[in-house]
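Structural description and commentary
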Amino acid sequence: MSGQRIVQIAENFYVILRGWFNANHILLTGPETVLIDTGHARDQRQTVQLLELAGTPPHTLDRILITHAHQDHIGGAPMLYTQSGATLLGHRWLGYAIANRQSDWLGPVWTPETPLPPIHGLADGERVPLGQYTFQVIHVPGHAFEMIALYEPTKRILLSADAAHDGDLGVLAPEMEGIGCVPQALESVERLARLDANVMIPSHGFPIMGREAIASSLQRIHRRLCQFLEQPEKRMRHLARRVFLYQVLLHQPISEDELRHHTLALRWFLSYGEQLGYTPDAFFNDLLATLSERGLIVRRPEDGLLESPVPM
Ligand SMILES: [Zn+2]
């Protein structure tokens, strides 16, 4: 359980902090129990433990909302749905996304053994009651075309999903989402900035408190996205670093040779390396050095295996 915490945000409103690999969960209790996002399929036992720790074991869930169909958000949903029979909610294109994206860099987005239940589709601008609160649905495409953020206007709480982390955002992959994904992400951040939220809870990282901190965080993301538009290689490096680190998190502790083997088997990795003018090996070495310098990958002194200290 180290590095994981349950933080109360308001009455009957909690965030279960996960980390880099699994998306945070939002838990709304009171008149009903609603879970927003479900973690990675691989870590679903931990998800169950955390829900038990919060006093809401899987069978007590009434509704499950998925912000978007990426493995770290939707991976636990088939299991939680099976155990609870909860209604599933998401953007009205969530079902289409699940059916057509099929897998992302983390694995299949829906477990094929579990038939996909009907999804209660939400549209941009719609108001949706969840627990004792009423949220405004904000469509924030870019990172994923079906992604939604949620805003609770009385307490000014924004659930920003992967559209905005603290000064950063979820990867942008035109290969998967089309070339429009970068300008869309920029517009999504502009929409979030206009809300003037007082608490912003991203899907990865800690809640950001206060209007000024949120505004400056969103400005940093905005600047970054402007750079991505003008210098596409910055976006490519951003994505390559993330995918590389995910490989470490998936397989750690891992030898350098094995990590090389896994990353060089990734189609995008090779094509990004080529577009940036690297040979595959040089690209691997460059990313390993960059991430090691930033302290995101460390070599264990006892056996030389690589692992990451970032919370899962
Ligand atoms: Zn995502």
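Only a predicted model underlies this, so the values are computations on that prediction, with no experimental measurement involved.

**A closer look at the overall build of the protein chain**
What the protein chain contains, in helices and strands, is 11 helices and 17 strands. The globule rule puts the C-alpha radius of gyration for 312 residues at 20 Å, and the 19 Å found for the protein chain is close to it. C-alpha extents for the protein chain along the principal axes are approximately 55 × 40 × 35 Å. Here the contacts in the protein chain between residues at least 6 apart in sequence split such that 64% fall between residues at least 24 apart.

**Re the sheet that holds strand β1 (residues 5-10)**
Reading across from one edge, β1-β2-β3-β4-β5-β6-β9 is the order of the 7 strands in this open sheet, with mixed pairing throughout. Edge strands, defined here as strands with exactly one partner in the open sheet, are β1 and β9 (119-122). Going across the sheet, the axis of each strand differs from the next one's by a mean of 25°, ignoring polarity. Judged from the 3 bridges that link them, strand β4 (residues 34-36) and strand β5 (residues 63-65) form a sheet pairing that is parallel. Across the sheet, the residue bridging to Leu35 is Ile64, located in β5.

**Quick word on the domain arrangement of the protein chain**
A common way to express how large an interface is: the accessible area buried when the components associate. Taken domain by domain, the protein chain holds domain 1 (5-230) and domain 2 (233-307). Here the C-alpha centroids of domain 1 and domain 2 sit 27 Å apart. Between domain 1 and domain 2, the residue contacts involve 11 residues of the former and 9 residues of the latter. Taken together, the residues that form the side of domain 1 that touches domain 2 break down as 9 nonpolar, 1 polar and 1 charged.

**A closer look at the environment of Pro301**
Along the polypeptide, Pro301 turns up in the loop between β16 (298-299) and β17 (306-307). Here Pro301 falls in the exposed class, since 6 other C-beta atoms lie within 10 Å of it.

**Quick notes on the packing of helix α8 (residues 232-251) against helix α11 (residues 280-293)**
Two elements in contact, α8 and α11, have axes whose closest approach is 10 Å; the angle formed by their N-to-C orientations is 80°. The angle between the axes of α8 and α11 places the two elements in the roughly perpendicular class. Seen from α8, the contacting residues are Ala240, Arg241, Phe244 and Leu245; seen from α11, they are Leu287, Thr290 and Leu291. Broken down by class, the residue content of the contact of α8 with α11 amounts to 5 nonpolar, 1 polar and 1 charged.

**Considerations on the pairing of strand β2 (residues 13-17)**
Where a strand is regular, its side chains alternate between the two sheet faces. For β2, a buried count of 5 out of 5 residues is recorded, marking the element as mostly surrounded by other parts of the structure. A two-sided burial pattern is seen for β2, the buried positions comprising Phe13, Val15 and Leu17 on one face and Tyr14 and Ile16 on the other. Joining the antiparallel neighbours β1 and β2 is a turn of 2 residues, in which Asn12 adopts a positive phi near 55°. Where β2 meets strand β3 (residues 25-28), 4 bridges bridge the pair, whose relative direction is antiparallel. Pairing of Tyr14 across the sheet is with Leu27, part of β3.

Here is what the cut-offs are and how they apply
Residues numbered from 1 in each chain as written. Predicted model: local features only at pLDDT ≥ 70, side-chain atom pairs only at ≥ 80, totals over all residues. Helix = DSSP H or I, 4+ residues; strand = E, 2+ residues; numbered from the N terminus. Rg over C-alpha atoms; globule rule 2.2 N^0.38 Å. Contact = placed C-beta atoms within 7 Å. Pairing = 2+ DSSP bridges. Axes fitted to C-alpha atoms, helices over the stretch in contact; angles between N-to-C directions. Domains from an automatic or database assignment. Nonpolar A, V, L, I, M, F, W, Y, C, P; charged D, E, K, R; others polar. Buried ≥ 20, exposed ≤ 12 C-beta atoms within 10 Å, placed from the backbone. Parallel < 35°, antiparallel > 145°, perpendicular 65-115°, else oblique.

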